[in-house]
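Chain by chain, the residues run as shown.
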Amino acid sequence: MIDILPIHTQRTTASRLATLDADHLEFGKLFSDHMFVVDYRDGEWQDAQIVPYGDMTVSPANSALHYGQAIFEGMKAYHQTDGGVALFRPLDNWARLNSSAERMCMPTIPEELFMQGLSELIRLDAAWVPDAPGCALYIRPFMFATDGFIGVRPSDSYRFIIFTCPVGLYFNKPLRVRFEQKYVRSAEGGAGYAKNAGNYGAAMYPTKLAQLEGYNQLIWTDASEHRFVEESGTMNAIFVIDGRVVTPALSTSILDGVTRRSVLQLARDMGMVVEERKVSSVEVMDALAAGRLEEAFGAGTAATIAPIATIGYEGQDYDLPVPGPNAFSKRVAAALEAIRNGQAADSHGWMVRV
Ligand code: COI
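Each value, and the rule that gives it
Residues numbered from 1 in each chain as written. Predicted model: local features only at pLDDT ≥ 70, side-chain atom pairs only at ≥ 80, totals over all residues. Heavy atoms only, no water. Near = heavy atom within 4 Å. Polar contact = N/O pair within 3.5 Å; in protein donor to acceptor, adjacent residues only side chain to side chain. Nonpolar A, V, L, I, M, F, W, Y, C, P; charged D, E, K, R; others polar. Domains from an automatic or database assignment. Helix = DSSP H or I, 4+ residues; strand = E, 2+ residues; numbered from the N terminus. Contact = heavy atoms within 4.5 Å. Buried < 20%, exposed > 50% of the residue type's maximum accessible area, 1.4 Å probe, protein only. Pairing = 2+ DSSP bridges.

Overview of the site of the ligand
Phase 1 of the analysis: What surrounds the ligand is the set Phe-72, Gly-74, Tyr-138, Arg-140, Tyr-170, Lys-195, Tyr-200, Thr-234, Thr-301 and Ala-302.
Phase 2 of the analysis: A distance of 2.8 Å separates an oxygen atom of the ligand from a polar atom in the backbone of Ala-302.
Phase 3 of the analysis: Its residues placed into classes, the shell around the ligand shows 5 nonpolar, 3 polar and 2 charged.
Phase 4 of the analysis: Both domain 1 (8–168) and domain 2 (175–340) contribute no fewer than three residues apiece to the shell around the ligand.

A word on the side chain of Ser-32
Phase 1 of the analysis: Relative to the helices and strands, Ser-32 is located in the loop between strand E1 (8–9) and strand E2 (34–41).
Phase 2 of the analysis: Polar contacts involving the side chain of Ser-32 include one to the side chain of Thr-164, which spans 2.6 Å.
Phase 3 of the analysis: Not counting chain neighbours up to four residues away, the residues in contact with Ser-32 comprise Arg-16, Tyr-53, Asp-125, Trp-128, Leu-137, Thr-164, Cys-165 and Pro-166.

Here we look at the pairing of strand E8 (residues 158–167)
Along any regular strand, the residues point their side chains to alternate faces of the sheet.
Phase 1 of the analysis: Within E8, 10 of the 10 residues are buried, which leaves the element mostly enclosed by the surrounding structure.
Phase 2 of the analysis: Burial along E8 is two-sided: Tyr-158, Phe-160, Ile-162, Thr-164 and Pro-166 facing one way and Arg-159, Ile-161, Phe-163, Cys-165 and Val-167 facing the other are all buried.
Phase 3 of the analysis: Bridging between E2 and E8 involves 5 bridges; their strand directions are antiparallel. Across the sheet, Val-37 pairs through a bridge with Ile-161, a residue of E8.
Phase 4 of the analysis: Where strand E7 (residues 136–145) meets E8, 10 bridges bridge the pair, whose relative direction is antiparallel. If you follow Pro-141 over to E8, its bridge partner there is Ile-162.

This is the structure we're talking about:
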């Protein structure tokens, strides 16, 4: 196993930085100049390089394309008030990537290789980190199988890449979501906790049906009874009921979100009661009807804190109260933003300077 792998850097001769329009950033459309690439062959990671972002050649027979042996992460780097750049909880993403890798029979990445590739890439493309409020450099680490072989077995070779995109808000207004009570994102014992590509591909059709009905996202429910909340779209779901922060407990079917974890920590820091447990759709709708559901929001790296304005349930839409200036979702979003930009003390040691 390697500790430090030399990274060969080939800088772009045609930077696209001038096309960066920080006032009109759309999520995931513009990519920074470089990407980090490293291959896994013969049982070890090798040929680490930073190269200009661009297309690449892969075998059309690779098992990522045929059988979904592909995993990814989503993380962000933030502009600091003193002009520097810092990553938010990168080791949490590294650990989750490796947990996904294990579930998908893929090799894990050593911490040093992940952090070294990431830090060198972000340093090189530091000018791409937007500094407007709410903006950040979204970082997409991912790994996929590369063997040219269509037998169904884990690939022997893999490629790990990190590329980045300057981004603004993923959702620009409060969300309309509805409980999904027919389709399933993931079942207990499945791979829902892993960030593997297939979880997202399989969610597209039910999500599209909901979007045709005017919703932005679904609230997924459990596979066996469709009673309990799992996640909301690409985010973890968090509710404030009677002043308590309530969210589904983690399981093999729920992604262990880094934003979710951070929100719960900040809630505890603020002295709030946090309950990680089963949350049924009936509990949420009863609390809404009784005026006890104060807030509902999604939490995710891309989505940040995305307030929910309307919930669809059994064919009817129900509006949530409009969050006031002191709403938990607003306070926690501001607290996170202040830590991420270096304006507030980082008392949990979440930020890593590059
Ligand atoms: C993220 O929040 O980073 C995600 O993975 C959501 C993404 C699929 C847009």
